[in-house]
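These are the residues of each chain, in order.
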Amino acid sequence: LTRTQGVFGVGNPQAEWMVIGEAPGADEDRQGEPFVGRAGQLLNSMLRAIGLKREQVFIANILKSRPPNNRDPRPEEVRACLPYLFRQIELIDPKLILCVGRIAAQTLLQSDLPIGKLRGKLHRIARDRPMIVTYHPAYLLRSPGEKRKSWEDLLLAVRTFDSLRAGS
Ligand code: URA
């Protein structure tokens, strides 16, 4: 067994931004906190780049337990975990959701489109909440050439967030 504990989420329960990833990895499983490994460090930098401290946002994953060998989540695992995530979204009530990575994006949008087609635009999930998709930080570590596009996504997220506030 590779799962030692559940990893439910971390951050400010009143957060205006919510980050949703895929599933805990080995570091996350050990520490019981999402995005604490190398990908997490890059996620922290991405947030910092748009003026957000990690402590200010709320971070969660689709899956609440680490899949063996970090394999892709299975449909029944997603089905088991998704109600918890939607409940988290309701409770935190974020103004904007930042979804990182193909698996999280395809799951939340119920889409088979590649991430290149899902990023860079405004989506609505969970009763009309705005969501922006970008690349997973673990992918950006492997493909740094995609960081520029991810930066554009982050700027779109900020613009979306700002325009929501202006209009409310
Ligand atoms: N990757 C994820 O998608 N989530 C984590 O918590 C860590 C790595």
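This text goes with the structure placed above it.
In short, a report on the structure. These figures come from a predicted structure and were not determined experimentally. (Residues numbered from 1 in each chain as written. Predicted model: local features only at pLDDT ≥ 70, side-chain atom pairs only at ≥ 80, totals over all residues. Heavy atoms only, no water.)

## Observations regarding the sheet that holds strand 6 (residues 129-134)
Basically, it comes down to this: At least two DSSP bridges between two strands are required for those strands to pair. Runs of E in the DSSP output that reach at least two residues are strands. Runs of H or I that reach at least four are helices, and both are numbered from the N terminus. Contacts were defined at the residue level, with two residues in contact if any of their heavy atoms lie within 4.5 Å. Simply put, an axis is a line fit to the C-alpha atoms, just over the touching stretch for a helix, and the angle between two N-to-C directions goes from 0 to 180 degrees.
Strand order in this open sheet of 6 strands is 1-3-2-4-6-5, and the pairing throughout is mixed. With partners counted over all chains shown, the strands left at the sheet margins are strand 1 (10-11) and strand 5 (122-125), one partner each. Taken together, the 4 bridges between strand 2 (residues 17-21) and strand 3 (residues 58-61) define a ladder with parallel strand orientation. Along strand 3, the bridge assignment pairs M18 with F58. Lying on the sheet, helix 7 (residues 147-166) is in contact with strand 2, strand 4 (96-100), strand 5 and strand 6; it crosses strand 6 at an angle near 165 degrees.

## A closer look at the site of the ligand
Cut-off, in case you're wondering: We call a residue near a molecule or strand when any one of its heavy atoms sits within 4 Å of it. Polar contact is the term for a pair of N or O atoms within 3.5 Å; when the atoms are in protein, one must be able to donate a hydrogen and the other to accept it, and sequence-neighboring residues count only if both atoms are side-chain atoms. Each accessible area is a Shrake-Rupley estimate made with a 1.4 Å probe; only the visible protein chains count as cover when residues are assessed. Site definitions follow a grid-based scheme: protein atoms alone, a 1 Å grid, a 1.4 Å probe that fits but cannot get out for cavities, and for pockets an open set with protein on both sides within 12 Å along at least five of seven lines, plus lining residues having an atom within 4 Å of a point. A molecule is said to be in a cavity or pocket once over half of its atoms fall within 2 Å of that pocket's grid points.
Residues in close proximity to the ligand include G21, E22, A23, E28, P34, F35, N61 and H136, which together make up its full environment. Taking E22, its main chain carries an N or O atom lying 2.8 Å from an oxygen atom of the ligand. A distance of 2.8 Å separates an oxygen atom of the ligand from a polar atom in the side chain of H136. When the free accessible area of the ligand is taken as 230 Å², the share hidden by the protein chains comes to 91%. Here the ligand is seated within the largest pocket.

## Here we look at the pattern of salt bridges
To keep it simple, the criterion reads: One speaks of a salt bridge when a side-chain nitrogen belonging to Lys or Arg is within 4 Å of a carboxyl oxygen belonging to Asp or Glu. Any residue under 20% of the maximum accessible area for its type is buried, any over 50% is exposed, and the rest in between are partly exposed; the area is computed with a 1.4 Å probe on protein chains only.
All chains considered together, the criterion is met by 11 salt bridges. A salt bridge links R54 to E33, with the nearest nitrogen and oxygen atoms 2.9 Å apart. Residue R54 is found in the loop between helix 2 (38-49) and strand 3, and its partner E33 is found in the loop between helix 1 (26-31) and helix 2; the two are separated by 21 residues along the sequence. A residue is classified by how much of its surface remains accessible, and R54, at 14% relative accessible area, is buried. Given the relative accessible area of 25%, E33 is considered partly exposed.

## Quick word on the environment of T134
Within the element layout of this structure, T134 appears in strand 6. Owing to a relative accessible area of 0%, T134 belongs among the buried residues under this scheme. C-alpha separation for the pair T134 and V100, spaced 34 residues apart in sequence, amounts to 5.1 Å. Those residues in contact with T134 that sit more than four places away from it in its chain are M46, L98, C99, V100, G101, I115, R119, S150 and D153.

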